[in-house]
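Fold and contact review
Spelled out, the chains give:
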Amino acid sequence: MASPKILIIGGGPAGLSAAQDITDAGGEAILVEQEGFLGGTPKRLHYSLLAPDLKPVEEVLDPLIDSVQQSGARCMTGAKVESVNSGRNGFTVTISGGGKKVEEKVDAVVVATGFAHWDPHKKYEYAYGVYPDVIDFKDFEKMLSDGNIVRPSNGQVPRRVAWLLCVGSRDRQVGKFYCCRLGCAVSIKQAMEVRRINPAIDTYVYYMDIRTYGFWEDKLYWKSMEEFGVKYIRGRIGSINRGEDGRLIAMAEDTILQRPSEVPLDMVVLATGMEASEGTRETAAMLGLELEEHGFVKPLESDSMPVSTAVPGVFVCGTATGPKAIPDSITEGSAAAIKALNYVRKRSIKVQARA
Amino acid sequence: MPIHEKNLIEKEDLLEKEKAVVDGVDVSGRWNTFIRERLLSDYHEDFVEEVKSLPGGRTVTNCWQCGTCTSGCCLHTDYGLREFNPRYFIYLAQIGNVDELKKYGDVIWRCISCNKCVERCPKGVKVEEVVHNIDEVLRRRGVTEDTPGSRWDRTYLDNIMATGVLDELGLTLKYVRAEKPEDFTRGFMARMAVKIIRNGNIRTGPIRRRTRGWKKMKKVAEDILERDGYASAK
Ligand SMILES: Cc1cc2nc3c(=O)[nH]c(=O)nc-3n(C[C@H](O)[C@H](O)[C@H](O)COP(=O)(O)OP(=O)(O)OC[C@H]3O[C@@H](n4cnc5c(N)ncnc54)[C@H](O)[C@@H]3O)c2cc1C
Ligand code: SF4
Ligand code: SF4
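Predicted model, so just to flag it, every value in this text is computed and none were measured.

1. Side note on the overall build of chain A
In terms of regular secondary structure, chain A is built from 8 helices and 20 strands. Computed over its C-alpha atoms, the radius of gyration of chain A comes to 22 Å, within 12% of the 20 Å expected for a compact globule of 355 residues. Each principal axis of the C-alpha distribution contributes one length, and for chain A these read about 80 × 40 × 40 Å. Split into buried and exposed, the 355 residues of chain A put 56% on the buried side. Here the contacts in chain A between residues at least 6 apart in sequence split such that 64% fall between residues at least 24 apart. Carbon and sulfur atoms make up 49% of the accessible area of chain A, which amounts to about 15,200 Å² in all. Here chain A holds 42 positive side-chain charges and 45 negative ones, and the gap between their average locations is 4 Å.

See below:
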């Protein structure tokens, strides 16, 4: 039997992990990534240190990228899958890239097209895009990577930075009913980084509840208050105004004091939620995959078959099926790889039996 | 207009005027009640730093406001002193809300150091020490005056600094003479003395004991106290 040939769409943590396991198991992997590089969203947006161990992105993802590149997987960057046709013996796909089009026959497809940041412009009360000192946390990740924490409005070092959790998450008003799972952890991590770089900057997290599940509790939440003096204010900011001196005024209720609160802040970082990426939606439409109620790809069984789909031969992993962290995305990549390999093996046994 | 959440309005924030004129309009009568603004308009980070800098204060930022301490606090529950809420004092300290803390100036010092809160706090806050530090910082800043609690602390410190060993009898007599607490009648004192001498809870007698080599150790203790700003040590 010829070695199974599997197409992976998306070269983020999930797709890379799937590609690695497929080649390690003797399969042939074709990895198609639309950007000119591998590593996915963490690389594209220049995240700095990763939760929970505060390791640089490069340290976490570069070994994975290198080993995929050396494994013999065919990595096509700057490329997109144009069409997929399923036939009796697998799929015929057209891939375009570098001004060329190629056709490939593959036995199975793994979808790893990831997530997108929710656009905070839509929450106009927070004046993102109006006041330069209101930024979202991908902007702040970039600032941390550049090692330059300054107020965009005047280039000065802020005295007080606040994070506002759940922007575009857990909010009926914007049609997002789910938790982003990472906002708390990433905000807390960012606040710790700020305190480490410059302890003179005071940091506040405005929260409804803190969801640093599992080991992220003590590694992030506890540590931030106990070792870094990050402060927590229970209450969701309702709107952000600008004071006379150009500082931001966060209009909130301090629900512990049971008082209105209008405290001046120098910068507010919005912890924007996750939604399915455009690539995820397009790819789902192309492959005939159903979306679940939050707009992510619907797994065959969300509890027992999280990486299978209703379309035979198509598997899915990572944030394409919902918010999750890098380790979970990597684990799912491996899971999708073994499911895809088994699918091909079982099918070829059937074909042999028929012959 | 009905006032919502009336329970949140504190008496001293209610202003009622016999005659009130606003922008030339006479609003006396039904409309003459005003509520002082309760807005939280700033944080004061230096307060918590000061609480932290005193011995035992480091854990003040560990608190996540769960209320375990308050729910078991003897003062809050058994003695019914509901205003004594260590959780709340800690939050006010965290955000540096001195105005609000000031209202509790005559309450915070009343902690009897049973340490139940310290035993129970899931975040390892040294609640008892932290609350004492908050009280101490308020006094150092002149927000609150001396209280029976702070005077007790000073008498205690002076007593132990004299010889290195606590002289309970001397301590009690000195304090009671100075403070004249209502409940401490002669009869009460006598009955208490008999009880605690019998059950061995008090170990001082007429002869004052001292720690061997106390002179040298005292110097070290004084230096530490001075470093931490407890001026009365010398
Ligand atoms: C601000 C922020 C900080 C974070 N920090 C952490 C952290 O500290 N620790 C942690 O564990 N997790 C963190 N995460 C989560 C982490 O980013 C995700 O778990 C991870 O990126 C998911 O990997 P993925 O492969 O599923 O998706 P992605 O990383 O989004 O990768 C998907 C890839 O698919 C490509 N693609 C999409 N569509 C197509 C298409 N049609 N054709 C070809 N290619 C396509 C994309 O270009 C992209 O490269 C953070 C998330 C956010 C929002
Ligand atoms: S992870 Fe935190 S920030 Fe994100 S939606 Fe959930 S509770 Fe809000
Ligand atoms: S028990 Fe501890 S963490 Fe909970 S409110 Fe009291 S001091 Fe804070």
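There is more to say, and it comes next.
2. What about the site of ligand 2?
Residues and elements named next belong to chain A. With respect to spatial proximity, the complete set of residues near ligand 2 consists of Leu165, Cys166, Ser169, Arg170, Cys179, Cys180, Arg181, Leu182, Gly183, Cys184 and Arg211. Mapped by element, the contributors of at least two residues to the shell around ligand 2 are strand S12 (160–167) and helix H5 (183–197). Residue composition of the shell around ligand 2, by class: 6 nonpolar, 2 polar and 3 charged.

3. What about H5 of chain A?
Along an α-helix, residues three or four positions apart point the same way, because every turn accommodates 3.6 residues. With 15 residues, H5 of chain A extends 21 Å between its outermost C-alpha atoms, agreeing within 8% with the 21 Å of an ideal straight helix rising 1.5 Å per residue. Counting buried positions over the 15 residues of H5 of chain A gives 13, a clear majority of the element.

4. Quick word on unusual backbone geometry
All names here are of chain A. A cis amide bond links Ala51 to the next residue, Pro52, at an omega of 0 degrees. Assignment of secondary structure puts Pro52 in the loop between strand S3 (49–50) and strand S4 (55–56). The phi dihedral of Leu54 falls on the positive side, at around 55 degrees, and the residue is not glycine. Positive phi outside glycine occurs at Arg181, with the angle close to 70 degrees. Tracing the backbone shows Arg181 in the loop between S12 and H5.

5. A closer look at the pattern of salt bridges
All names here are of chain A. Across all of its chains, the model carries 40 salt bridges over all chains by this definition. A salt bridge links Lys298 to Glu290; the nearest nitrogen and oxygen atoms lie 3.8 Å apart. The exposure class of Lys298 is partly exposed, given its relative accessible area of 37%.

6. Points about the domain arrangement of chain A
All names here are of chain A. We note that the domain assignment places domain 1 (5–114 + 277–354) and domain 2 (118–274) within chain A. Listed per partner, the contact involves 17 residues of domain 1 and 19 residues of domain 2. For the pair domain 1 and domain 2, the two sides together bury roughly 1,600 Å², of which 68% comes from carbon and sulfur. When the buried area of domain 1 at its contact with domain 2 is split by residue, Pro52, Leu54 and Pro323 rank highest and sum to 31% of it. Counting across the domain 1 and domain 2 interface gives 1 salt bridge. Ionic pairing is found between Asp53 and Lys219, a salt bridge with its closest N-O pair at 2.9 Å. Where domain 1 packs against domain 2, one counts 8 residue pairs in polar contact (both at pLDDT 80 or more). Residues of the side of domain 1 that touches domain 2, tallied by class, amount to 10 nonpolar, 4 polar and 3 charged.

Procedures and definitions
- Residues numbered from 1 in each chain as written.
- Chains lettered and ligands numbered in written order.
- Predicted model: local features only at pLDDT ≥ 70, side-chain atom pairs only at ≥ 80, totals over all residues.
- Heavy atoms only, no water.
- Helix = DSSP H or I, 4+ residues; strand = E, 2+ residues; numbered from the N terminus.
- Rg over C-alpha atoms; globule rule 2.2 N^0.38 Å.
- Buried < 20%, exposed > 50% of the residue type's maximum accessible area, 1.4 Å probe, protein only.
- Contact = heavy atoms within 4.5 Å.
- Areas by Shrake-Rupley, 256 points an atom, 1.4 Å probe, with all protein chains shown as cover.
- Lys, Arg positive; Asp, Glu negative; His and termini not counted.
- Charge placed at Lys NZ, Arg CZ, Asp CG, Glu CD.
- Near = heavy atom within 4 Å.
- Nonpolar A, V, L, I, M, F, W, Y, C, P; charged D, E, K, R; others polar.
- Expected span 1.5 Å × (residues − 1).
- Salt bridge = Lys/Arg side-chain N within 4 Å of Asp/Glu carboxyl O.
- Domains from an automatic or database assignment.
- Buried area = accessible area lost by both parts, 1.4 Å probe.
- Polar contact = N/O pair within 3.5 Å; in protein donor to acceptor, adjacent residues only side chain to side chain.

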